[in-house]
Every structure is written in C-alpha cells, then in structure tokens.
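Here's the letter readout for the chains.
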Amino acid sequence: MLKIGDFSKLSRVSIRMLRHYDEIGLLTPIRVDPDSGYRYYGEDQLPTAFRITALKDMGFGLAAIGEILTCYEEKDLLARHLRLKQAELRDLSRQTAYRLRLLDTALERLRKDDETMKYDVTLKTFPERYAATLRMHIPNYEQEGMLWNILMEETAQMGLIPDDPCYCSAVFHDKEYKESDVDVEVHMTVKGQYPDTSHVKFVTLPEVTVASAIYKGSYEQMGAVMEAVTGWVTANGYAFDGPAFNIYHVSPHETSDPNEFVTEVCYPVKKK
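Residues numbered from 1 in each chain as written. Predicted model: local features only at pLDDT ≥ 70, side-chain atom pairs only at ≥ 80, totals over all residues. Heavy atoms only, no water.

Another aspect to go through is the overall build of the protein chain. Broken down by element type, the protein chain carries eight helices and 13 strands. Since a compact globule built from 272 residues should have a radius of gyration of about 19 Å, the 29 Å found for the protein chain marks it as more spread out than a globular shape. Along the first, second and third principal axes, the C-alpha atoms of the protein chain reach 90 × 50 × 30 Å. In the protein chain, buried positions account for 36% of the 272 residues. Taking contacts inside the protein chain between residues at least 6 apart in sequence as the whole, the part at least 24 apart equals 68%. The averaged location of the 42 negative side-chain charges in the protein chain is 5 Å from the averaged location of its 32 positive side-chain charges. (Helix = DSSP H or I, 4+ residues; strand = E, 2+ residues; numbered from the N terminus. Rg over C-alpha atoms; globule rule 2.2 N^0.38 Å. Buried < 20%, exposed > 50% of the residue type's maximum accessible area, 1.4 Å probe, protein only. Contact = heavy atoms within 4.5 Å. Lys, Arg positive; Asp, Glu negative; His and termini not counted. Charge placed at Lys NZ, Arg CZ, Asp CG, Glu CD.)

Here you go:
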C-alpha cells in the first residue's frame, strides 16, 4: 500500500484532488485508517489515476470520466466516447475561430480613423428586374449556400444570360431573427424568359427603394454595416418597408478570399 502522499507523487495528482476523487467515488483508497482517517492506495490504482488525468486533459468532466472508466477496457465503447468529444471540440474550435475573427475585425476598425470606420449609406431605387428566384426554409443563415447550389443545379442546362448588371441577392423573410428554420429567398437577375423548375421560379421583381451601404471584406462585418444602415434610416425620417436583403457584388463564387468580398446591405424604406 502507498500513503496518500506517495501516491500523489507517483500519480502526479495533488492530495487535495485525490480527496475530491474519493468524495465523488471516482478513485477511492483501498484502505482508510479508522483512527487517523489516513488514506492508503494500491500501486495497481496508478493506471486509473493516469487515465483520469489523460481524460481530463482531453476535456472530459469528472462525471463523464466516471462513466468512461467503467468501459475503458471495451475499445468500441471507449472509441465512441472519444469520437463524441472530438466532434464537440472541433465544433468549439470553429466557434472560437469565428469569435476570434470578430474580435480581429473589431480591433482593426478601432485602429482606423473615425471617418474610415463609418459606412456610407445611400438612398437608391432598384427598377423592376427579371430574376431566377428560389425560396426555402434552411437550418440557419450560414447555410444560405444550399439555396445557391440548388438554383445553379436546376438551371445549369438553361444557359441563363446574366443581366447587366447582374444582381445576386438574398432576402430574409422572417419577421424576427431566428436561430433555426429560417425563411430565405435568393435572386439572380437575368435576361430573357425561362421556364420554372421544381424549385426555381422566374419572376419580375417590383421596383424598390432602399437605404444601402456597400462594403468590402468578410461577412463578419455585417453586423456593423447593418447598424450603420438602420441608424441612417431612423435618423433621416424614413420607415422600414419590407424584408432586408443583401446583394453579393463579389461573393465566394468569385473569390475564396473573404477580404475581397463586396456586399451591399439593403433595407427597403419609405418616407414617413
């Protein structure tokens, strides 16, 4: 038997943590002196201590570690736990990378002069325009590419002639921001006349007056641009008059570099 201090040194787990493991039933000593309360551990418990530390380093909580230890020798079950944690950490990594990009963008804007931090908002009117349109509910806003893929696949054999200029845009029809099941419609303006497909409808879009701002850079800037446009609308005596939409002047279809994206944020408006 090993005294708790010796076991602590060999396992590289502090005495305080060993006592906590004992309290929650994760790693209990083989003997506790009834008079002094001193804990003793067996050398054969060292592998368990090492496994606990390894699993903690992988990001598992103590409750999950207790469950995993019961099936540690069963490779299939152990692998299942590890793969689930792997997927969880990859998702967390993506979220962290996204948040870091937001922080980088915010810090970059703070480093610039006040004038360069502002987005120029203009009032403009888009005339009637003929467009291939596709409207569907998608899992979330980040999955907008699904709609463009369907539109392109279903019209691939039609030889669509892009309008000049060709506006590729996405309209967000929900009356509120939604975490999931979002109602989005994409448009691509074209010349000529074409038959509808299973999902793509060819329609003449009505004239619309918008307050808009064009910016160059990644979509992480979108929130700041939307803030600028909505602030302009309320400050200049206009009211919102329909669902907002984005026009993609330079999109992932043209470049893989987010710094080269050119996007126009549009809010339909009318004079109060």
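So that's the structure; there's more coming.
Further remarks concern the packing of aromatic side chains. Taken as a whole and assessed by the stated rule, the structure comprises 13 aromatic pairs. Between Y219 and Y248, the aromatic rings sit 6.1 Å apart at their centres with planes inclined by 70 degrees, giving edge-to-face as the arrangement. Highlighted residues: Y219 in the loop between strand 10 (208–216) and helix 8 (222–235) and Y248 in strand 12 (residues 245–250), separated in sequence by 29 residues. An aromatic cluster of at least three residues, connected via ring pairs, comprises F126, Y167 and F245. The side chain of K85 reaches across the aromatic face of F60, ending 5.2 Å from its centre. Seen from the ring of Y238, K271 lies directly overhead, with NZ or CZ sitting 4.4 Å from the centre. (Phe/Tyr/Trp six-rings, centres within 6.5 Å; stacked < 30°, edge-to-face > 60°. Lys NZ or Arg CZ within 6 Å of the ring centre and 35° of its normal.)

This part covers the state of the cysteines. In total, this model carries zero disulfides according to the counting rule given. As a non-bridged cysteine, C166 has C168 as the owner of its nearest cysteine sulfur, 4.2 Å distant. Judged by relative accessible area, C166 falls into the partly exposed class, the value being 29%. With no disulfide of its own, C266 lies 13 Å from the sulfur of C168, the closest cysteine sulfur. (Disulfide = S-S within 2.5 Å.)

With their axes 10 Å apart at the nearest point, helix 1 (residues 4–11) and helix 3 (residues 46–57) run at an angle of 50 degrees to one another. In terms of orientation, helix 1 and helix 3 fall into the oblique class. In terms of crossing hand, the pair formed by helix 1 and helix 3 is right-handed. On helix 3, the residues touching F7, L10 and S11 of helix 1 are L46, A49 and F50. Residue composition of the contact of helix 1 with helix 3, by class: five nonpolar, one polar and no charged. (Axes fitted to C-alpha atoms, helices over the stretch in contact; angles between N-to-C directions. Parallel < 35°, antiparallel > 145°, perpendicular 65-115°, else oblique. Left-handed = near helix turned anticlockwise from the far one by under 90°. Nonpolar A, V, L, I, M, F, W, Y, C, P; charged D, E, K, R; others polar.)

This paragraph deals with the confidence of the model for the protein chain. With 96% of its residues at a pLDDT of at least 70, the protein chain reaches an overall mean of 90. Within the protein chain, the element-level pLDDT minimum falls on helix 6 (residues 114–117), averaging 47, and the maximum on strand 9 (residues 201–205), averaging 96. (pLDDT = per-residue confidence, 0-100.)

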